[in-house]
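Secondary and tertiary structure notes
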Amino acid sequence: QRQLVESGGGLVQPGGSLRLSCKSPRTIFSVFSISDLGWYRQAPGKERDLVATITSSGSINYADSVKGRFTISRDNSQRLVFLQMNGLAPEDTAVYYCNRNSSGRDYWGQGTQVTVSS
């Protein structure tokens, strides 16, 4: 069983919305709640880039390209992290990966494809 499992990707028209979810089924609450979480994306032929992060204390950081359009949130009780994406544009097309950092160690999901196209 994977450490992180993403869902919610798909095909959407420009201007549309998607909500990505990432569950950490193998992580106990006490570890998840002190983990920093994030979403990254990788477009074809490009490096994996940060989209948004949320620390264990709730501090949030966004890439400039998604500020005002994307919202990251977490539910520690359910061991979930979300990425609400509004105003999607073709340049948002990528594989989106969930990340959890615990004690300096990174864990990644398998990724979920987001395609923005008319």
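See the structure above.
Residues numbered from 1 in each chain as written. Predicted model: local features only at pLDDT ≥ 70, side-chain atom pairs only at ≥ 80, totals over all residues. Heavy atoms only, no water.

A word on the side chain of Asn99
Heads up, the rule is: Numbering goes from the N terminus for both helices and strands, where a helix is a DSSP run of H or I of at least four residues and a strand is a run of E of at least two. Note on definitions: a residue-residue contact is assigned when non-hydrogen atoms from the two residues lie within 4.5 Å.
Looking at the secondary structure, you find Asn99 in strand 9 (residues 94-102). Every residue in contact with Asn99, bar those within four places of it in the chain, is listed here: Leu4, Asp36, Leu37, Gly38, Tyr40, Asp106, Tyr107 and Trp108.

Here we look at the sheet that holds strand 1 (residues 5-7)
Heads up, the rule is: At least two bridges found by DSSP between two strands is the condition for calling them paired. For helices, the axis comes from a line fit to the C-alpha atoms of the stretch in contact; other axes are also lines fit to C-alpha atoms, and the angle between any two N-to-C directions lies between 0 and 180 degrees.
With antiparallel pairing, four strands are arranged side by side in an open sheet as 1-3-8-7. Taken across any chain shown, the strands that pair with only one partner, and hence form the sheet edges, are strand 1 and strand 7 (70-75). Across the sheet, the mean angle from the axis of one strand to that of its neighbour is 15°, orientation sign disregarded. Two strands pair when backbone bridges link them, and strand 3 (residues 18-23) and strand 8 (residues 80-85) are joined in this way by six bridges, in the antiparallel orientation. Across the sheet, Ser21 pairs through a bridge with Phe82, a residue of strand 8.

A look at the state of the cysteines
Note the threshold: Only a pair of cysteine sulfur atoms within 2.5 Å counts as a disulfide in this structure description. Buried, partly exposed and exposed residues are distinguished by accessible area as a fraction of the type maximum, computed with a 1.4 Å probe on protein chains only: under 20%, between the cut-offs, and over 50%, respectively.
As enumerated under the stated definition, the model contains one disulfide in all. The disulfide partner of Cys22 is Cys98, and the S-S distance across this bridge is 2.1 Å. On the S-S bond that ties Cys22 to Cys98, the torsion sits near -85°, and the link is left-handed. One end of the pair, Cys22, is in strand 3; the other, Cys98, is in strand 9, and 76 residues separate them in sequence. Accessibility classification places Cys22 together with Cys98 in one group, the buried group.

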